[in-house]
Each structure stands twice: as structure tokens, then as C-alpha cells.
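# Descriptive analysis of the structure
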Amino acid sequence: YLVNTGWSGGAYGVGKRMDIVATRQIVASILDGSIKEAEFSKPDTHFQLSFPTTLKGVAPEVLDPSRAWGDKGKFEETCAKLSSMFAANFRKHER
């Protein structure tokens, strides 16, 4: 599993650090296996990642990064930029 322990709700200076209580609850759900019972989203268009739509004790907007950002256009722009940066970096290491 990939757990966001960084920023949510916007880029640095706009968003805020992930809530430690929510992070602990997400990790607890992974460790106790209850995350396997969760319904997951369809893979996103930029990274092909799915996330649980609900987890006990965690707000849905924490689980879905697009819901945490007030500026949806900026969220999409940032995802597209980050995705292209990952792709360019991976191309450097292809044989």
C-alpha cells in the first residue's frame, strides 16, 4: 500500500500536512486487514492508483486527494505535471 504522509489539499504553502490521527488509522486498517474489506475507487487517470472510498475513522476527502483540493483545476494540472515528470525520469533508466 502507498500511504500519503505528506501534503493534502494543495501544493506546499496551500495545503497542509496529513493529519497524524488519520494516517495512523489508515496504517491500522492495513495492519489489521480491514482495508481488504473496503470498496476501492477506479484507478485514476494519471497514476493508475486506486484508493479506498471509505475507511473507519478516516474522512473521505483524506482518502481521495482530489476532494481535498479546493481548486480542482490546479489539482489536475499538478497531477499531469507530476505524472509527466515521473514518465521522463523512468525513460532515463530504460535500457
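Structure shown above.
Residues numbered from 1 in each chain as written. Predicted model: local features only at pLDDT ≥ 70, side-chain atom pairs only at ≥ 80, totals over all residues. Heavy atoms only, no water.

### Quick word on the overall build of the protein
- Along its length, the protein carries four helices and two strands.
- In sequence order, the secondary structure elements of the protein are arranged as β-β-α-α-α-α.
- When its C-alpha atoms are laid out on the principal axes, the protein stretches across 40 × 35 × 20 Å.
- Out of the 95 residues in the protein, the part that is buried amounts to 24%.
- Contacts spanning at least 24 positions in sequence make up 36% of the contacts within the protein whose residues lie at least 6 apart. (Helix = DSSP H or I, 4+ residues; strand = E, 2+ residues; numbered from the N terminus. Buried < 20%, exposed > 50% of the residue type's maximum accessible area, 1.4 Å probe, protein only. Contact = heavy atoms within 4.5 Å.)

### Topic: the packing of aromatic side chains
- Taken as a whole and judged by the stated rule, the model has four aromatic pairs.
- Residues tryptophan 7 and tyrosine 12 carry aromatic rings whose centres are separated by 5.1 Å and whose planes lie at 85° to one another, so their mutual orientation is edge-to-face.
- Taking the centre distance of 6.3 Å and the plane angle of 25° together, the rings of phenylalanine 86 and phenylalanine 90 count as stacked. Residue phenylalanine 86 and its partner phenylalanine 90 are located together in helix α4 (residues 72–92), separated by four residues, close to a single helical turn.
- Among the residues examined, phenylalanine 86 registers a relative accessible area of 41% and is labelled partly exposed.
- Residue placement shows arginine 17 over the ring face of tryptophan 7; its charged tip is 5.9 Å from the ring centre. (Phe/Tyr/Trp six-rings, centres within 6.5 Å; stacked < 30°, edge-to-face > 60°. Lys NZ or Arg CZ within 6 Å of the ring centre and 35° of its normal.)

### Considerations on the layout of surface pockets
- The calculated volume of the largest pocket comes to roughly 1,200 Å³.
- Taken together, 38 residues line the largest pocket, and the ones lying closest to its centre are Leu2, Asn4, Phe47, Leu49 and Pro65.
- When residues of the lining of the largest pocket are traced back to their parent elements, those giving at least two are β1 (7–8), α1 (20–31), α2 (60–63), α3 (65–68) and α4.
- In terms of residue count, α4 provides more of the lining of the largest pocket than any other element does, six residues in total. (1 Å grid on protein atoms, 1.4 Å probe; cavity = no way out; pocket = protein on both sides within 12 Å on 5 of 7 lines; lining within 4 Å. Points joined across faces, edges and corners; volume = space filled by probe spheres on them.)

### Overview of the environment of alanine 22
- Among the structural elements, alanine 22 can be located in helix α1.
- Taking the relative accessible area as the measure of exposure, alanine 22 reaches 7% and is therefore buried.
- For alanine 22, the contacting residues outside a window of four places in its chain are Val58 and Val62.

### Here's the deal with the pattern of salt bridges
- Counted according to the given criterion, the structure contains one salt bridge.
- Lysine 74 is paired through a salt bridge with glutamate 77; the nearest N and O atoms lie 3.3 Å apart. Taken as a pair, lysine 74 and glutamate 77 lie in helix α4 at a separation of three residues, close to a single helical turn.
- Its relative accessible area of 39% is what places lysine 74 among the partly exposed residues. (Salt bridge = Lys/Arg side-chain N within 4 Å of Asp/Glu carboxyl O.)

Taken by themselves, the reported measurements are silent on function.
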